[in-house]
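# Notes for the structure review
What follows is the residue order along each chain.
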Amino acid sequence: MAYVDEVLEKVKAKNADQPEFIQAVTEVLNSLRPVVDANEAQYRKLAILERITEPDRQIMFRVPWLDDNGNVQVNRGFRVQFNNSIGPYKGGIRLHPSVNLSIIKFLGFEQVFKNSLTTLPIGGGKGGSDFDPKGKSDNEIMKFCQSFMTELSKYIGADTDVPAGDIGTGAREIGFMFGQYKRIRDLYEGVLTGKGLTYGGSLARTEATGYGLLYLTEEMVKCHGDKMEGKVVAISGSGNVAIYATQKAQQLGAKVVTVSDSTGWIYDEEGIDVELLKEVKEVKRARLTEYAAAKKSAQYFEKKNGEHGVWQYKVDIALPCATQNELDIEDAKMLVANGVKYVAEGANMPTTIEATEYFQANNVPFVGGKAANAGGVATSALEMSQNSERLSWSFEEVDSKLKGIMVGIYHAIDDAAKKYGMEGNYVAGANIAGFEKVVNAMIAQGVC
Ligand code: NDP
Ligand code: 2IT
């Protein structure tokens, strides 16, 4: 049996109750076949694939906190430190009721390859909790964050493991976590990224994932002899990534006609008003119904199972920016039938494997999240650099570094695909380019 198949079987058997993790590993290992086949004897002997699919360590802990009624609530906390071959563990913290070990492991696994693609010295990790921030008071959010950090602080540090934001974790939560880390460890260091600007945060980190997604998309569009101007874009989600993807797409002359949240979506034929969206989502933390109430051209639709939501419209570019497996084969068929020209993932693994293959089979250029959303973590690494040198760079400086990194990633994944005879397969290109650097480091560092 081929080495890839052997390891895939082992991963499936060992992690049978972790569908998202198995999905992420299946996608990566399948696309690494040309590289693994070319080095099979060496990789097998060194157990490269077994090691790269097994986290260095998985930490799970109780998070007790006191709610506003004086009752104790208990959540489960996670930190999966996946691979630190090329730098300290780096990756966000997800706060969402759906969080479990499978989700944190898939995210940590993806982060290893993504972080490698940034060209910056960061390893891969991810954390989170099944805590639901929705409807909680600021006081309850703070209590939760303090309790979460009380345990997490034992395992992280500026040179060990540097968490950041993800779904449900933004500047407010990072602030509370940073405050607690400082109290417990008595260290003022860059242990978290996405911090507020007055205490070590980097300009442009808030915008970085969405902007980075568009810088990469713009480069892909250009390299296909096309331009962003006039393109109609469907975006899902209405959180950090979706908001700044919308903003940059419109700055580049495209029109974004959709956004969504977990209960419904907006179709706005005039183009999404980003300032209004920010007011609704970042300031009021309200539902999208408030956007529709404030803008005449916007229609709000309640989400029902089996509907195509934002993927049913005639658009040139689709940018899923909400959550995993939100774009399935039926959505992909609809997008292709409506003439979609490019797809790039702002979220982590939003497209199912079947849908990804459908885009590829229909020659729709498709860039997966490991490459397309790497701008967030890349800018986090730039925040770490600024913290280390105790300086802060201007918005323009960070933004131009981010753009350079994203354009560089597009060409790195394009070149890697070409090198292995898979021109245009950016999924394989990203996995191969990310993998090669990590594996070289693993081999050089011996059995560990
Ligand atoms: P936010 O919490 O800011 O926003 C998440 C958005 O997705 C919200 O609109 C939310 O709706 C929606 N959403 C979340 N879960 C679900 C669900 N189960 N079903 C439907 N909609 C859902 O998160 P981010 O914007 O930061 O993250 C979005 C994606 O991008 C995630 O996949 C994340 O891992 C990825 N990512 C984030 C980076 C970052 O820097 N923040 C970097 C790279 C990737 P609602 O408001 O109703 O909850
Ligand atoms: O998925 C991701 O890359 C993130 N949530 C950002 C991680 C980070 O460390 O900035």
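The structure presented is a predicted model; accordingly, all values stated were derived computationally and were not measured.

What follows is about the pattern of salt bridges. In the structure shown here, the tally under the stated rule is 24 salt bridges. The closest approach of N and O atoms between Glu-6 and Arg-44, which form a salt bridge, is 2.8 Å. Here Arg-44 lies in helix α4 (residues 40-45) and Glu-6 lies in helix α1 (residues 3-14), a separation of 38 residues in the sequence. On the basis of relative accessible area, Glu-6 is assigned to the partly exposed category, the value being 25%. When its relative accessible area of 33% is taken as the criterion, Arg-44 is described as partly exposed. Between Arg-44 and Glu-40 there is a salt bridge; the shortest N-O distance is 2.6 Å. Of this pair, Arg-44 and Glu-40 both sit in helix α4, four residues apart, which is roughly one turn of that helix. Several salt bridges converge on common partners, so that one network encompasses Glu-6, Glu-40 and Arg-44.

Let's shift gears to the packing of aromatic side chains. Two aromatic rings are characterised by how far apart their centres lie and by the angle between their planes. Scanning all chains against the criterion turns up 17 aromatic pairs. Look at Phe-144 and Phe-148: their rings are 5.6 Å apart centre to centre, the planes differ by 25°, and that puts the pair in the stacked class. Of this pair, Phe-144 and Phe-148 are both found in helix α7 (residues 138-152), four residues apart, which corresponds to roughly one turn of the helix. Residue Phe-144 shares its accessibility class with Phe-148, and that shared class is buried. Ring geometry for Phe-359 against Phe-366: centres 5.8 Å apart, planes inclined by 15°, an arrangement best described as stacked. Per residue, the accessibility class of Phe-359 equals that of Phe-366, and both read buried. In this structure an aromatic cluster arises from ring pairing among Phe-61, Trp-65, Phe-131, Phe-144 and Phe-148. Looking at Lys-105, its charged tip hangs above the ring of Phe-21, at a distance of 4.3 Å from the centre. The ring of Phe-131 has Lys-136 sitting right over it, with the charged end atom 5.3 Å from the ring centre.

Time to look at the site of ligand 1. Taken together, 27 residues lie near ligand 1, and Asp-166, Thr-209, Ser-262, Arg-287 and Asn-348 sit nearest. A distance of 2.6 Å is found between an oxygen atom of ligand 1 and a side-chain nitrogen or oxygen belonging to Asp-166. Here an oxygen atom of ligand 1 sits 2.7 Å away from a polar atom, N or O, in the side chain of Thr-209. Out of a free accessible area of 890 Å², ligand 1 has 85% covered by protein chains. Taken together, the elements giving at least two residues each to the shell around ligand 1 come down to α9 (205-223) and α10 (240-251). Counted by class, the shell around ligand 1 contains five nonpolar, 13 polar and nine charged residues.

A word on a negative patch on the surface. Taken together, the side chains of Asp-328, Glu-330, Glu-354 and Glu-357 make up a negatively charged region of the molecular surface. Inspection of the secondary structure puts Glu-357 in helix α14 (residues 353-361). Since its relative accessible area comes to 47%, Glu-357 is described here as partly exposed.

Definitions and limits used
Residues numbered from 1 in each chain as written. Chains lettered and ligands numbered in written order. Predicted model: local features only at pLDDT ≥ 70, side-chain atom pairs only at ≥ 80, totals over all residues. Heavy atoms only, no water. Salt bridge = Lys/Arg side-chain N within 4 Å of Asp/Glu carboxyl O. Helix = DSSP H or I, 4+ residues; strand = E, 2+ residues; numbered from the N terminus. Buried < 20%, exposed > 50% of the residue type's maximum accessible area, 1.4 Å probe, protein only. Phe/Tyr/Trp six-rings, centres within 6.5 Å; stacked < 30°, edge-to-face > 60°. Lys NZ or Arg CZ within 6 Å of the ring centre and 35° of its normal. Near = heavy atom within 4 Å. Polar contact = N/O pair within 3.5 Å; in protein donor to acceptor, adjacent residues only side chain to side chain. Areas by Shrake-Rupley, 256 points an atom, 1.4 Å probe, with all protein chains shown as cover. Nonpolar A, V, L, I, M, F, W, Y, C, P; charged D, E, K, R; others polar. Patch = residues over 30% accessible without salt bridge, like charges linked within 9 Å, V, L, I, M, F, W, Y side chains within 5 Å. Lys, Arg positive; Asp, Glu negative; His and termini not counted. Charge placed at Lys NZ, Arg CZ, Asp CG, Glu CD.

The quantities given are spatial measurements derived from coordinates; they are silent on function.
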